[in-house]
Every structure is written in C-alpha cells, then in structure tokens.
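# Remarks on the overall topology
One-letter residues, chain by chain:
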Amino acid sequence: MSLLIKNGRIITAADDFIGDLFVDGEQIQAVGRNLSYKADEVIDASGKLVFPGGIDPHVHLDMPFMGTFSSDDYATGTAAALHGGTTMVIDFILQTQGRTLYDALEEWQKKSQGKACGDYSYHMAVTDFNETTKAEIKSLIHEEGITSFKTFMAYKGALMIDDNQMVGLMKEVKEQGGMVTVHATNGDMIDHLIAKNRQEGNLSPLYHYLSQPEITEAEASGRFTDMAHYTGVPAYIVHLTCEGALNAVRRATYRNQKVFVETCIQYLLLDASLYDKGFESAKWVMSPPLRKKKDQETLWAGINQGLVQVLGTDHCPFNWEQKKMGEEDFSKIPNGHPALEHRMELLFSEGVHQGKISLNTYVAITSTNAAKIFGMYPRKGCLAAGSDADIVIFDPQKEHVISADNHHHRCDYSAYEGWKVKGKCETVILRGQVAVANGELKVTPGMGKFIKRGTISKVI
Ligand code: URP
Ligand code: ZN
Ligand code: ZN
C-alpha cells in the first residue's frame, strides 16, 4: 500500500515548508516538493499541517493502583490516543515488591499483546531494587529494548524506593546504557501531611492538594538531580509541575548537568482553583496536584528555555464510581485523570494559537524529543525517508468542544468538559496505514506494535 500526501505544510522540529510525502509500506520513502510518485492513494493536504505522530511517554493503561485499575486498557487507551494524533505511547510496568522485573514484564505483555491499536513501549518501574533486580537490568535493556527505568520517591509501602536503592539502581542502569526516570516528590513529607490532615478531620479533595506542597516536589527533584549527577546516569523527571522543581533542574545546569524534564498538559492549562469544588474536585486528584498560575508561567517559559523538553499526560483515568472510593477520605481517591486523547489538540490550541510556543517547538515536545531521549530516533518522531510513516494531517482552524459525550477515553467524565479547542487531527496515519480519518477509527486492536528501544544518548 502506498500513499502520497500532497501540498501540506510540513512541520518538523526543525523545518517548515509546503511539500509532499511519499509512503510505501510502513515507512516514509521521500519528503520534498512536487513529488511525482504513483501511489495507491493520494491525499490532498492543502491548507493543512503535516507533522509526526505524537508520542506520549507517560500513560498508565490497565494499571493496578490504589485498590483498583485505571479504566482505559490497551485497546481503548491507544484508540483514544490515535483519535488525538498520538501514534505511540510509553506505559509503565510496575514491579510488585518481592517479585522480579520479568514477572512484571510478562504481566504487561498479557495486557498489551494483540490489544493495542497504536504503537507502544514500556518503562520498567523498579519498586524493589536488590541483587535479582540488578541482574535483570542488562537483559531488559539489551534483549527486550526496555531502556528506561522508573522510580518513585513517594507512595511508600507500594512503589517507593529509598535513596540507597536509587543510587544502586542508577549505577547499574548507567553501566548498561539506560535511563532512570522519576516521580520526584518527597514521600515521607507527604505521608506526614496526609496523616496530619486526616487526624484533624480534613478529608475533602482540597487536602490532597494541601498535603503535597511545592516544597515536597522541589526537594525531591533536587535530591534526585544530585544523585544522578553523582552516579552520572542519564536522568528524566516525569510530570514536573512547579517553579521550585524546575529551579532545582536549572541549578543542575550550572554544573553542566543535563536532566531531561517532562511536564504534562494539565500542569500548563489547569490550576489549583479546581480543588475548591467540594467532592467534584476528585476529578483532578492526581499526584503531583495541580499548582498555581505562576507555576504555569514557569513551565511555558521552561519549554522555551529548553529546560522542559517533553509534554506527556500521565493519563491515568478512573470512572466516577472509582473516584468515589475516596468520598469520605481524600487519601483513598485513586490518583489520576483522563487526558491522552487531548494532549496534541489542547497544546496546539493553547500553545501555538495563543503564541506561547512555535510550531517547531510544538513538534519537538510532542514527539521528536521523546523519540530522541528514549532511544527511538529517527525511527519515530520525525518525517524523513526511512522513518516509520506515523503522520498527522491537521486542520489548524477547525473548532470543537471537549466533552465526555464525545471523547474516546473509557471514562465517564472529562477533566476538560466544555473546553473550546481550535485545531483538529483530520487524518492520523500509523506506519503507513490510515488509522483515523474524520473522527473514525480505521484500525483494530492488534495493529499496535511493541517498539524495542535503543540505549540512551545524553545529548538531544
Ligand atoms: O496521579 C497520578 N499521577 N497517577 C498515576 C501515578 C503517577 O504517580 O504517575
Ligand atoms: Zn507519578
Ligand atoms: Zn504517572
């Protein structure tokens, strides 16, 4: 099957020109002006933008968490992603403490194989670092192509590791050419504040926010950055939300250290005033919580300063019945919200249309940088001969409104209900196959492939 996309405005992290793309099979064969290849299908992209399929490196599909499971599985989650122009996700495998990393890998393979509509990879979350775990890292990186290892500095008793384990893990991952990523918040401080609030009878969702002040994230981000500097491991902070944490990263740059930073769409667009809505605020209970307007400004600036390289979602949806597990106690509300489908369109509308970021930066932070940082470039995240033909044809003027009535997440509420968006994915192509056209999904579960990743470069 071959495809010729004609007269689109082709945007990459570096380029911006009117041209054509020729796809044969799963790969792009040629990019240029006035291409005259004969193709099975020709798409006229006049007036449209053409950019690489999005990569969301932070999603939780079918994840066991806080006594329940995130409500999107691989089929529904990757389908929603495709509707929103995201052709690949990186999900998190969670090691069960006391069991091996390979046990966890098998469990996640059962969840994903034959079910994903879009491409996917995994980060391996190490929740119990010991001699057995250490021995598994080499083959995970070199044989399985799982090259990034997630750590939690919070969620004690379930996911958190201590600094001793962190340094041990960092040394081994560095040795094997991988990357350590982190949920950087101070778990002990947070647990102290949660216990205090519960004891004082402060049980509404507002106290989720008040139990995780900015300092808890700033402290952990600095500590993580220092440990990464000491061990020399390539390091990446997931879902960074605030000024204090970004300043810890900024300080690391003074000693010429590179720490990669991801923020998520919600931290750019939503703020902590949403915690003033009684139990309805449970819709936005996530960790870290939403922050202040000044933090949003810091994050937009951080993108343009090159300190924040990646935009994810931390998509971790729960239906309202699940959120109600914490009706009497905020600490029992499953943490997370639905966002995967909306990342690309919201960022375009609020970032590009509002003049906050350029088109090239838009592509860099929605796909190219993640592909480079996580060892998939130039297979993914770019429009070039030889790259996978993961392509979005985008109508920058089309307006629409986000709602739980029309989204594709398996979740009965939207965190962005009623949000007016300008710009819509019109056609989404996954490895040469039209996956979404005019709002209709054209692929079935099983189309998505596991993508083996390479070792990590420190420079992007
Ligand atoms: O609230 C969140 N973020 N839920 C998912 C788990 C995590 O910390 O990323
Ligand atoms: Zn997290
Ligand atoms: Zn997460």
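Residues numbered from 1 in each chain as written. Chains lettered and ligands numbered in written order. Predicted model: local features only at pLDDT ≥ 70, side-chain atom pairs only at ≥ 80, totals over all residues. Heavy atoms only, no water.

## As for the coordination of the zinc ion (ligand 3)
In this structure, His58 (NE2), His60 (NE2) and Asp314 (OD) serve as the protein donors to the zinc ion (ligand 3), at separations of 2.0 to 2.2 Å. Because the angles between the 4 donor atoms bound to the zinc ion (ligand 3) fall within 85 to 137°, the donor set is best described as irregular. Distance-wise, the zinc ion (ligand 2) is placed 3.8 Å from the zinc ion (ligand 3). Residue His58 is classed as buried on the basis of its relative accessible area of 0%. (Donors = N, O, S within 2.8 Å, 3.2 Å for Na, K, Ca; no water. Tetrahedral: all angles 85-135°; square planar, octahedral: opposite > 155°, others 65-115°. Buried < 20%, exposed > 50% of the residue type's maximum accessible area, 1.4 Å probe, protein only.)

## Notes on the site of ligand 1
Lining the immediate surroundings of ligand 1 are His58, His60, Phe65, Tyr155, His183, His239, Met286, Ser287, Asp314, Cys316, Asn335 and Gly336. A distance of 3.2 Å separates an oxygen atom of ligand 1 from a polar atom in the side chain of His60. Considering ligand 1 on its own, with 260 Å² of exposed area, one finds that the protein chains cover 100% of that surface. A class-by-class count of the residues in the shell around ligand 1 yields 4 nonpolar, 7 polar and 1 charged. (Near = heavy atom within 4 Å. Polar contact = N/O pair within 3.5 Å; in protein donor to acceptor, adjacent residues only side chain to side chain. Areas by Shrake-Rupley, 256 points an atom, 1.4 Å probe, with all protein chains shown as cover. Nonpolar A, V, L, I, M, F, W, Y, C, P; charged D, E, K, R; others polar.)

## Section: the coordination of the zinc ion (ligand 2)
Protein coordination at the zinc ion (ligand 2) comes from His183 (ND1) and His239 (NE2), with a distance range of 2.0 to 2.1 Å. Coordination at the zinc ion (ligand 2) is irregular: its 4 donor atoms span angles of 56 to 150° at the metal.

## Thoughts on the nonpolar core
Counting 106 residues, the largest nonpolar core has Phe51, Met124, Met166, Phe224, Leu347 and Tyr362 as the members making the most contacts within it. Structurally, this core is a two-domain feature, drawing no fewer than three residues from each of domain 1 (2-51 + 382-397 + 420-441) and domain 2 (54-373). Apart from residues no more than four positions distant in its own chain, Met166 is found in contact with Thr151, Met153, Ile161, Val180, Val182, Phe224 and Met227. One finds Leu3, Ile5, Ile10 and Ile393 within the second-largest nonpolar core, a separate group that totals 17 residues. (Core = buried A, V, L, I, M, F, W, Y, C linked by side-chain atoms within 4.5 Å. Domains from an automatic or database assignment. Contact = heavy atoms within 4.5 Å.)

## Some points on the domain arrangement of the protein chain
Along its sequence, the protein chain is carved into domain 1 (2-51 + 382-397 + 420-441) and domain 2 (54-373). Each of domain 1 and domain 2 was reduced to a C-alpha centroid, and the two centroids are 30 Å apart. Each partner contributes to the interface: domain 1 provides 29 residues, whereas domain 2 provides 22 residues. In total, domain 1 and domain 2 occlude about 2,000 Å² of area from one another, counting both sides; carbon and sulfur atoms represent 66% of this. The three residues of domain 1 that bury the most area against domain 2 are Ala13, Leu430 and Leu441, which together make up 24% of that side's buried surface. Among the salt bridges present, the one from Asp119 reaches Arg431, with a minimum N-O distance of 2.7 Å. Connecting domain 1 to domain 2 are 7 residue pairs in polar contact (both at pLDDT 80 or more). (Buried area = accessible area lost by both parts, 1.4 Å probe. Salt bridge = Lys/Arg side-chain N within 4 Å of Asp/Glu carboxyl O.)

## Some words on unusual backbone geometry
Note that the residue after Ser287, namely Pro288, is joined by a cis bond; omega there is -10°. Along the polypeptide, Pro288 turns up in the loop between helix H9 (265-269) and helix H10 (293-305). Note the cis peptide between Tyr377 and Pro378, where omega equals 5°. Note on placement: Pro378 falls in the loop between helix H13 (359-373) and strand S16 (391-401). One non-glycine residue, Asp62, lies in positive phi territory at about 55°. (Helix = DSSP H or I, 4+ residues; strand = E, 2+ residues; numbered from the N terminus.)

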